[in-house]
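Spelled out, the chains give:
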Amino acid sequence: GESVGLHLPTLSVQEGDNSIINCAYSNSASDYFIWYKQESGKGPQFIIDIRSNMDKRQGQRVTVLLNKTVKHLSLQIAATQPGDSAVYFCAESAGNQFYFGTGTSLTVIP
Amino acid sequence: GAGVSQSPSNKVTEKGKDVELRCDPISGHTALYWYRQSLGQGLEFLIYFQGNSAPDKSGLPSDRFSAERTGGSVSTLTIQRTQQEDSAVYLCASSLFAGGDTGELFFGEGSRLTVL
């Protein structure tokens, strides 16, 4: 399978600060990318996605950046809140298949 | 239903027993995926169903694992002769696949399997 890795396995931020979670992917043919949030004991929840014809996409308090040149994806969370504490996964897709990284654990310090 | 439903939410079984895990995808979603998540790990792909096409079974770890999808809707993942290393959370996801574009995956809450 394809490898999708995260640069930082854990991240702690102060409440109100911005968070950046990074992800590297290896398949240059991947054309669809998703960020998921997983809280303890729950299934992953969709946060934001981006297709390869874009390099930036914004949602509510979240921004995804895609750099195809270096095969890098990042998730930016603005004004991080305690409810943002979770494990974040990036996923890449080429065709019908999705490959997930191991996740980054984000802890928000009140 | 409103979301992907999985049952049971928790299953404890003895080594050597068979288990069945069920997934009800979102109505109208033609694509269905099974993933396995071990403690503190990422998601490991197991199997993928798309419409009436032959499933992609390339992620199944051994021949003790099998899955079927009846009527293009409900799916059952079966693990025969369970082993302790099968202990994990089994996640099901569905997706609306249309026009050649894969949409986002919607996940269920998972079935936590513990093999004693």
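Located above this text is the structure these notes cover.
Conventions adopted
- Residues numbered from 1 in each chain as written.
- Chains lettered and ligands numbered in written order.
- Predicted model: local features only at pLDDT ≥ 70, side-chain atom pairs only at ≥ 80, totals over all residues.
- Heavy atoms only, no water.
- 1 Å grid on protein atoms, 1.4 Å probe; cavity = no way out; pocket = protein on both sides within 12 Å on 5 of 7 lines; lining within 4 Å.
- Points joined across faces, edges and corners; volume = space filled by probe spheres on them.
- Helix = DSSP H or I, 4+ residues; strand = E, 2+ residues; numbered from the N terminus.
- Nonpolar A, V, L, I, M, F, W, Y, C, P; charged D, E, K, R; others polar.
- Disulfide = S-S within 2.5 Å.
- Buried < 20%, exposed > 50% of the residue type's maximum accessible area, 1.4 Å probe, protein only.
- Phe/Tyr/Trp six-rings, centres within 6.5 Å; stacked < 30°, edge-to-face > 60°.
- Pairing = 2+ DSSP bridges.
- Salt bridge = Lys/Arg side-chain N within 4 Å of Asp/Glu carboxyl O.

**Points about the layout of surface pockets**
Here the largest pocket defines a volume of roughly 530 Å³. Elements that contribute at least two residues to the lining of the largest pocket include exactly strand S9 (86-94) and strand S11 (104-109) of chain A together with strand S8 (88-95) and strand S12 (111-115) of chain B. Partitioned by chemical class, the residues of the lining of the largest pocket number 8 nonpolar, 16 polar and 4 charged.

**Quick look at the state of the cysteines**
All names here are of chain B. Within the structure shown, the criterion is met by 2 disulfides over all chains. Across the disulfide from Cys23 sits Cys92; the S-S distance is 1.9 Å. Between Cys23 and Cys92, the disulfide has an S-S torsion of -70 degrees and is therefore left-handed. Highlighted residues: Cys23 in strand S3 (residues 19-24) and Cys92 in strand S8, separated in sequence by 69 residues. We classify Cys23 as buried; its relative accessible area is 0%. Looking at Cys92, the relative accessible area reads 0%, which means it is buried.

**Things to note about the packing of aromatic side chains**
For the structure shown, the criterion picks out 12 aromatic pairs over all chains. Relative to B:Tyr35, the ring of A:Phe100 has its centre 5.2 Å away and its plane inclined at 80 degrees; by these criteria the two rings are edge-to-face. Of this pair, A:Phe100 sits in strand S10 (residues 97-100) while B:Tyr35 sits in strand S4 (residues 31-37), each in a different chain. Of the residues examined, A:Phe100 reaches a relative accessible area of 10% and is grouped as buried. Looking at B:Tyr35, the relative accessible area reads 0%, which means it is buried. On the numbers, 6.0 Å between centres and 70 degrees between planes, the contact of B:Tyr35 with B:Phe45 is edge-to-face. Linking B:Tyr35 in strand S4 with B:Phe45 in strand S5 (residues 43-50), this pair joins segments that are 10 residues apart in sequence.

**Details of the pairing of S8(B)**
All names here are of chain B. With 8 of 8 residues buried, S8 is to be regarded as a mostly interior element. Neither face of S8 is exposed, since Ala88, Tyr90, Cys92 and Ser94 on one face and Val89, Leu91, Ala93 and Ser95 on the opposite face are all buried. Judged from the 7 bridges that link them, S4 and S8 form a sheet pairing that is antiparallel. Counted as the bridge partner of Gln37 is Val89 from S8. Pairing between S8 and S12: 3 bridges, direction antiparallel. Bridge pairing links Tyr90 to Ser111 in S12. Both S8 and strand S11 (residues 106-107) contribute to a ladder of 2 bridges, which runs antiparallel. Within S11, the position partnered with Ser94 by the bridge is Phe106.

**Quick word on the pattern of salt bridges**
Residue and element names in this part refer to chain A. This model, assessed by the stated rule, comprises 5 salt bridges over all chains. Residue Asp84 is joined to Arg61 by a salt bridge in which the shortest nitrogen-to-oxygen separation is 2.9 Å. Of the two residues, Asp84 sits in the loop between strand S8 (72-77) and S9 while Arg61 sits in the loop between strand S6 (56-58) and strand S7 (62-67), which places them 23 residues apart along the sequence. Assessed through its relative accessible area of 7%, Asp84 is described here as buried.

Any link to function would need more than the numbers given here.
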